[in-house]
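One-letter residues, chain by chain:
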Amino acid sequence: MKIYLATGNKNKKREMSQILSGHTIVTPDDEGIDFNPVENGTTFYENSIIKARTLYDIVHCPVIADDSGICVDALGGIPGIYSARYAGPDAPQGRSDGKKTPQEEQNRLLIQQLNDRLAQGNVDSSQFRNGPRSAHYTCAMVLYLGNDRIYVSQDTMEGALVERIEDAAGTGGFGYDPLFLLPQFGKTAAELSAEQKNAISHRGKATRALVRIINGIEELNSENLQKN
């Protein structure tokens, strides 16, 4: 099946192509499609729907869209849906001029914001899965087959942030992965192989749920063709 991926992020395309290896994954850039939707939702799910619907209205073919980000528990979920735009404690939803802060600076600012918050005390981490530095990635993913045929999967990858920016490690993955420590591996997400990360990641788990749906749709279509 040819599936459009509603993103311009080549790293996401690479990960999705590995997981959806039996299908042809195409991005708008691959076909010269102008695609820059306004992501003004208030949740990962809302933003994924916005992207999926916008691209579907252009290509009228199956579309997968996702919205994902890192959520730091002691910071109340910051940066969350604003992960790509995050610019530190003074601009957690992004800079007023709309310019993106370089990823290395985002990483440094996030560690500093968490450290400052923990230094203030009064952080009840008893409900956090991985202690006071607990964090998780969230991915909401939508398979859009038409205005009345929409399938949604949402999942997480649980971990914690490293203590110092100097502890960031790894060259794999992207985004905040060098900061994101996975207790079960004793490594950051950026230190894992692509296969290891896809097996446990928020995006990997959400995608595999949609793969089961896609396979079910293809089986049903095949059965209907045989009946006809």
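To be clear, the structure that these remarks concern was listed above.
Colleague: How would you explain the overall build of the protein if you had to name every residue and give the values?
Modeller: From N to C terminus, the protein includes five helices and seven strands. Going from the N terminus to the C terminus, the protein shows its helices and strands as β-α-β-α-β-α-β-β-β-β-α-α. Here the C-alpha radius of gyration of the protein, 19 Å, is about what a compact globule of 228 residues would show, namely 17 Å. Summarising its shape, the C-alpha atoms of the protein cover approximately 70 × 40 × 30 Å along the three principal directions. Classification of the 228 residues of the protein by burial places 46% in the buried group. A sequence separation of at least 24 residues applies to 57% of the contacts in the protein between residues at least 6 apart. Carbon and sulfur atoms provide 46% of the accessible area of the protein, an area that totals close to 11,500 Å². Considering the protein, the positive charge centre built from 24 side chains and the negative charge centre built from 29 side chains are found 1 Å apart.

Colleague: Just give me the short version of the environment of Ile19, but keep the residues and values in it.
Modeller: Among the structural elements, Ile19 can be located in helix H1 (residues 10-19). Residues Ile19 and Ala206, 187 residues apart in the sequence, show an inter-C-alpha distance of 10 Å. With residues near it in sequence (within four places) discarded, Ile19 still touches Asn198, Gly204, Thr207 and Arg208.

Colleague: Account for the pairing of strand S1 (residues 2-5), with residues named and values stated.
Modeller: For a regular strand, side chains alternate in direction, first toward one face of the sheet and then toward the other. Of the strand pairs in this sheet, S1 and strand S2 (residues 24-26) are connected by three bridges, and their pairing is parallel. For Tyr4, the partnering residue across the bridge sits in S2 and is Val26. As paired strands, S1 and strand S3 (residues 63-72) are joined by two bridges and run parallel to one another. Bridge pairing in S3 places Tyr4 opposite Val63.

Colleague: I'd like to hear about the nonpolar core, residue by residue, with values.
Modeller: By size, the foremost hydrophobic cluster in this structure holds 22 residues, and its most contacted members are Leu110, Leu161 and Phe180. Considering each element in turn, this core owes the most residues, four residues, to helix H3 (residues 103-119). If you look at the next biggest cluster of nonpolar residues, it comprises 15 residues, including Leu20, Ile64, Leu145 and Leu210.

Colleague: I'd like to hear about the pairing of S3, residue by residue, with values.
Modeller: Along S3, 10 of the 10 residues are buried, which leaves the element largely enclosed by surrounding structure. With burial as the criterion, each face of S3 is covered, one bearing Val63, Ala65, Asp67, Gly69 and Cys71 and the other bearing Ile64, Asp66, Ser68, Ile70 and Val72. Across 10 bridges, the pairing between S3 and strand S4 (residues 134-146) is antiparallel. Directly across from Val72, in S4, lies its bridge partner Ala135.

Cut-off values and rules
- Residues numbered from 1 in each chain as written.
- Predicted model: local features only at pLDDT ≥ 70, side-chain atom pairs only at ≥ 80, totals over all residues.
- Heavy atoms only, no water.
- Helix = DSSP H or I, 4+ residues; strand = E, 2+ residues; numbered from the N terminus.
- Rg over C-alpha atoms; globule rule 2.2 N^0.38 Å.
- Buried < 20%, exposed > 50% of the residue type's maximum accessible area, 1.4 Å probe, protein only.
- Contact = heavy atoms within 4.5 Å.
- Areas by Shrake-Rupley, 256 points an atom, 1.4 Å probe, with all protein chains shown as cover.
- Lys, Arg positive; Asp, Glu negative; His and termini not counted.
- Charge placed at Lys NZ, Arg CZ, Asp CG, Glu CD.
- Pairing = 2+ DSSP bridges.
- Core = buried A, V, L, I, M, F, W, Y, C linked by side-chain atoms within 4.5 Å.

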